[in-house]
Amino acid sequence: MAIQALAAAQGVDISIIGNLGAMLQRDVKRLLAYSSIAHAGYILVAFTALRSEGMAAIGPGIGVGIVWAAYIQATARQPESAGLTRTYAFLGFAVSEALALLGFVVPFIYSTHS
């Protein structure tokens, strides 16, 4: 049980570091690489806690992937709109991360008070 909690915490750390690294990138390939690292963290959490905590990681992981994929596609099609679409990408990323944190924290709080 302690190994599962440690692996889940490591998955959360990996996803936070990957997403923060992605936010700092200007090169699309590096942004995609850091986003992939973040998704590896979501997957690690989902597989270590095959309960509600793990299932909560799947939706935001897909959401962040869709947000960054849309940003990359929009920037590739119309490079001069990168500044505007970057703002919307960060807003979408923030909303997805907020949902992920809610999905991680609420089941842990509920399980400790039951």
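Basis of the calculations
- Residues numbered from 1 in each chain as written.
- Predicted model: local features only at pLDDT ≥ 70, side-chain atom pairs only at ≥ 80, totals over all residues.
- Heavy atoms only, no water.
- Helix = DSSP H or I, 4+ residues; strand = E, 2+ residues; numbered from the N terminus.
- Buried < 20%, exposed > 50% of the residue type's maximum accessible area, 1.4 Å probe, protein only.
- Contact = heavy atoms within 4.5 Å.
- Areas by Shrake-Rupley, 256 points an atom, 1.4 Å probe, with all protein chains shown as cover.
- Axes fitted to C-alpha atoms, helices over the stretch in contact; angles between N-to-C directions.
- Parallel < 35°, antiparallel > 145°, perpendicular 65-115°, else oblique.
- Left-handed = near helix turned anticlockwise from the far one by under 90°.
- Nonpolar A, V, L, I, M, F, W, Y, C, P; charged D, E, K, R; others polar.
- Expected span 1.5 Å × (residues − 1).
- Phe/Tyr/Trp six-rings, centres within 6.5 Å; stacked < 30°, edge-to-face > 60°.
- Patch = residues over 30% accessible without salt bridge, like charges linked within 9 Å, V, L, I, M, F, W, Y side chains within 5 Å.
- Salt bridge = Lys/Arg side-chain N within 4 Å of Asp/Glu carboxyl O.

Peer 1: How should the overall build of the chain be read in this particular structure?
Peer 2: For the chain, the helix and strand inventory stands at 4 helices and 0 strands. Along the chain, helices (α) and strands (β) appear in the sequence α-α-α-α when read from the amino end. Counting across all 114 residues of the chain, residues that qualify as buried make up 39%. Of the contacts made within the chain by residues no fewer than 6 positions apart, 61% connect residues no fewer than 24 positions apart. Total accessible area on the chain stands at roughly 7,000 Å², and carbon and sulfur atoms take up 73% of it.

Peer 1: Even after reading the chapter, I still don't get the packing of helix α1 (residues 2-23) against helix α2 (residues 28-48), so can you show me in this structure?
Peer 2: To characterise two packed helices, one gives the angle between the axes of the helices and the distance between these axes. Interhelical geometry of α1 versus α2 gives an angle of 160° and a closest axis separation of 7 Å. Considering their axes alone, α1 and α2 lie roughly antiparallel with respect to each other. Note on packing geometry: the crossing formed by α1 with α2 is left-handed. Here Gln4, Ala7, Ala8, Gln10, Gly11, Val12, Ile14, Ser15, Gly18, Asn19, Gly21 and Ala22 of α1 lie close against α2, whose contacting residues are Leu31, Tyr34, Ser35, Ile37, Ala38, Gly41, Tyr42, Leu44, Val45 and Thr48. Split by residue class, the contact of α1 with α2 holds 12 nonpolar, 10 polar and no charged.

Peer 1: Explain α2 to me, please; I cannot follow it from the model alone.
Peer 2: Every α-helix winds through 3.6 residues per turn, so residues three or four apart in the chain are directed the same way. Spanning 21 residues, α2 covers 30 Å between terminal C-alpha atoms, matching the ideal 30 Å at 1.5 Å per step. Turning to α2, its buried residues are Leu31, Ser35, Ala38, His39, Gly41, Tyr42, Val45, Ala46 and Thr48.

Peer 1: Got a minute to help me understand the packing of aromatic side chains in this structure?
Peer 2: In this description, an aromatic ring pair is defined by two values, namely the gap between the centres and the angle between the planes. In this structure the tally under the stated criterion is 3 aromatic pairs. Between Trp68 and Phe90, the aromatic rings sit 5.8 Å apart at their centres with planes inclined by 80°, giving edge-to-face as the arrangement. Pair noted here: Trp68 is in helix α3 (residues 52-77) and Phe90 is in helix α4 (residues 82-113), with a separation of 22 residues, a long-range link. Ring centres of Trp68 and Phe93 lie 6.0 Å apart, and the angle between their planes is 45°; this geometry places the pair in the tilted category. A residue pair is termed long-range when its members are at least 10 positions apart, and Trp68 in helix α3 and Phe93 in helix α4 qualify at 25 residues. Within the aromatic cluster, the residues linked to one another by ring pairs are Trp68, Tyr71, Phe90 and Phe93.

Peer 1: Is there a simple way to explain the environment of Ile58 in this structure?
Peer 2: Locating Ile58 in the fold gives a position in helix α3. According to the relative accessible area criterion, Ile58 is partly exposed, its value standing at 41%. Counting along the chain gives 13 residues from Ile58 to Val45, while the straight-line C-alpha distance between them is 9.0 Å.

Peer 1: In this structure, what is going on with a nonpolar patch on the surface? I would like to understand it.
Peer 2: A cluster of nonpolar side chains, namely Ile16, Leu20, Met23 and Leu24, defines an oily patch on the protein surface of about 380 Å² accessible area. Mapped onto the secondary structure, Ile16 falls in helix α1. We classify Ile16 as partly exposed; its relative accessible area is 39%.

None of this, on its own, says anything about what the molecule does.
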